[in-house]
Amino acid sequence: EPEVTQTPSHQVTQMGQEVILRCVPISNHLYFYWYRQILGQKVEFLVSFYNNEISEKSEIFDDQFSVERPDGSNFTLKIRSTKLEDSAMYFCASSEVASGRARGFFGPGTRLTVL
Amino acid sequence: GESVGLHLPTLSVQEGDNSIINCAYSNSASDYFIWYKQESGKGPQFIIDIRSNMDKRQGQRVTVLLNKTVKHLSLQIAATQPGDSAVYFCAENIEDYGGSQGNLIFGKGTKLSVKP
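Note that the coordinates shown come from a computational prediction; the quantities given were computed from them, not determined experimentally.

K.L.:
Looking at this structure, how should I read the overall build of chain B?
P.N.:
A count of helices and strands for chain B gives zero helices and ten strands. Along chain B, helices and strands appear, N-terminal first, in the series β-β-β-β-β-β-β-β-β-β. Among the 116 residues that make up chain B, the fraction classed as buried is 43%. Counting only contacts in chain B whose residues sit at least 6 apart along the sequence, the fraction spanning at least 24 positions is 55%. Summed over its atoms, the accessible surface of chain B is roughly 6000 Å², and 47% of this surface lies on carbon and sulfur atoms.

K.L.:
Is there a simple way to think about the sheet that holds strand E7 (residues 65-68) of chain A in this case?
P.N.:
What holds strands together in a sheet is hydrogen bonding between their backbones, with the strands either parallel or antiparallel. Residues and elements named next belong to chain A. In spatial order, the strands read E1-E3-E8-E7; together these four strands make up an open sheet with antiparallel pairing. Only two strands of the sheet have a single neighbouring strand rather than two, namely strand E1 (5-7) and E7. Taking each pair of neighbouring strands and ignoring which way they run, the sheet shows an average axis angle of 20°. With five bridges joining them, strand E3 (residues 19-24) and strand E8 (residues 75-79) adopt antiparallel strand pairing. Looking at the pairing, arginine 22 lines up with threonine 76 of E8.

K.L.:
Would you mind going over the state of the cysteines with me for this structure?
P.N.:
Each disulfide consists of one covalent bond between the sulfur atoms belonging to two cysteines. Counting across every chain of the model gives two disulfides over all chains. Disulfide pairing is shown between A:Cys23 and A:Cys92; the S-S distance is 2.0 Å. Of note, the bridge from A:Cys23 to A:Cys92 carries an S-S torsion of about -65° and is left-handed in sense. With A:Cys23 in strand E3 and A:Cys92 in strand E9 (residues 88-95), the pair connects residues that are 69 residues apart, well separated along the chain. Disulfide pairing places B:Cys23 opposite B:Cys90 at an S-S distance of 1.6 Å. Of this pair, B:Cys23 sits in strand E2 (residues 19-24) while B:Cys90 sits in strand E8 (residues 86-93), and the two are 67 residues apart along the sequence. Of the two residues, B:Cys23 and B:Cys90, both sit in the buried class.

K.L.:
Looking at this structure, I do not really get the sheet that holds strand E5 (residues 56-58) of chain B. What am I missing?
P.N.:
Residues and elements named next belong to chain B. With antiparallel pairing, the four strands of this open sheet are ordered in space as E2-E7-E6-E5. Either end of the sheet is taken by a strand with one partner, and the two such strands are E2 and E5. Across this sheet, the average inter-strand angle for adjacent strands is 15°, counted without regard to direction. Bridging between E5 and strand E6 (residues 62-67) involves three bridges; their strand directions are antiparallel.

K.L.:
Would you explain the side chain of A:Thr82 in this entry?
P.N.:
Topologically, A:Thr82 is positioned in the loop between E8 and E9. When residues no more than four places from it in sequence are discounted, the contact partners of A:Thr82 are A:Thr13, A:Gln14, A:Met15, A:Gly16, A:Gln17, A:Val19 and A:Val114.

K.L.:
I keep staring at the pairing of strand E10 (residues 110-115) of chain B and nothing clicks. Help me out?
P.N.:
Across a regular strand the side chains alternate sides, sitting on one face of the sheet and then on the other. Residues and elements named next belong to chain B. Side chains Thr110, Leu112 and Val114 project from E10 onto a buried face, and the interleaved Lys111, Ser113 and Lys115 project onto a face without burial. Where strand E1 (residues 10-14) and E10 come together, five bridges link them in parallel fashion. Among the inter-strand pairings, valine 13 is bridged to a residue of E10, identified as valine 114. Inspection of the sheet shows E8 paired to E10 by three bridges, in the antiparallel sense. Of the residues in E10, the one forming a bridge with valine 87 is lysine 111.

K.L.:
Even after reading the chapter, I still don't get the nonpolar core, so can you show me in this structure?
P.N.:
Soluble globular proteins tend to pack their nonpolar side chains together in the buried interior. Grouped together as the largest cluster of nonpolar side chains are 22 residues, with contacts concentrated most on A:Trp34, A:Leu46, A:Phe61, A:Val67, A:Phe75, A:Leu77 and A:Tyr90. Elements that contribute at least two residues to this core include exactly E3, strand E4 (31-37), strand E5 (43-50), E7, E8, E9 and strand E11 (110-114) of chain A. The contacts of A:Val67, once residues within four sequence positions are left out, are A:Trp34, A:Val47, A:Phe49, A:Ile54, A:Phe61, A:Phe75, A:Thr76 and A:Leu77. The next biggest cluster of nonpolar side chains, apart from the first, holds 19 residues, and it includes B:Tyr25, B:Phe33, B:Leu73 and B:Leu75.

K.L.:
Whenever I open this one, unusual backbone geometry confuses me. Can you help?
P.N.:
In terms of backbone geometry, most residues other than glycine have negative phi values and most peptide bonds are trans. With an omega dihedral of -10°, the bond running from A:Thr7 to A:Pro8 counts as a cis peptide bond. Position of A:Pro8 among the secondary structure elements: in the loop between E1 and strand E2 (10-13). Phi is positive for A:Asn51, close to 55°, though the residue is something other than glycine. Within the secondary structure, A:Asn51 is located in the loop between E5 and strand E6 (53-57). A positive phi angle, near 55°, is found at B:Lys71, a position not held by glycine. Residue placement: B:Lys71 occurs in the loop between E6 and strand E7 (72-77).

Conventions we followed
- Residues numbered from 1 in each chain as written.
- Chains lettered and ligands numbered in written order.
- Predicted model: local features only at pLDDT ≥ 70, side-chain atom pairs only at ≥ 80, totals over all residues.
- Heavy atoms only, no water.
- Helix = DSSP H or I, 4+ residues; strand = E, 2+ residues; numbered from the N terminus.
- Buried < 20%, exposed > 50% of the residue type's maximum accessible area, 1.4 Å probe, protein only.
- Contact = heavy atoms within 4.5 Å.
- Areas by Shrake-Rupley, 256 points an atom, 1.4 Å probe, with all protein chains shown as cover.
- Pairing = 2+ DSSP bridges.
- Axes fitted to C-alpha atoms, helices over the stretch in contact; angles between N-to-C directions.
- Disulfide = S-S within 2.5 Å.
- Core = buried A, V, L, I, M, F, W, Y, C linked by side-chain atoms within 4.5 Å.

Listed below in structure tokens is the structure:
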């Protein structure tokens, strides 16, 4: 079965630094998503992306966050100035269509630790 | 003290027994539900879904039951195996105009532990 891949698996950074989390969605998928999961908490939606623009974002996705599809395969999440509370698992997902009926495939996640 | 959020409900079952994991969803307008399995260090994995016009759906070894009256969802796993050990959580979605994957609202989850 095709998979979503994410790099790095673990990122440690100092507060205030910029981080870029990378994802390679499934190749024929058109809709891309970022979620985060703080340790022991629920998975939370951050942003969805289609046709090279953001289609939805949550309240969590503030001006410190940005997403980009720099080429035909990668999908990135940038946090400009990390805060301690940004420490979490970040999951990328992709789907063929946007509908909640569509099965979204999640990547293995990047664990971000902000010190 | 520790945050309540760090403590997941835990269900411990013997290998071969059936497991029932429950979820109370929040929005009476939700009309689509998904169960996910999350193994340690991995992303959520789709197990089974159900629409609100159904009250039961069966997959391979799994059955989802939906009770809209009390906003309750359950996942039944037959003949539970050690490989089923994971955190299971439900997600709900409102398929109004423009409904999307982004509208998924996730539950906190239940940790299933299978004893050999």
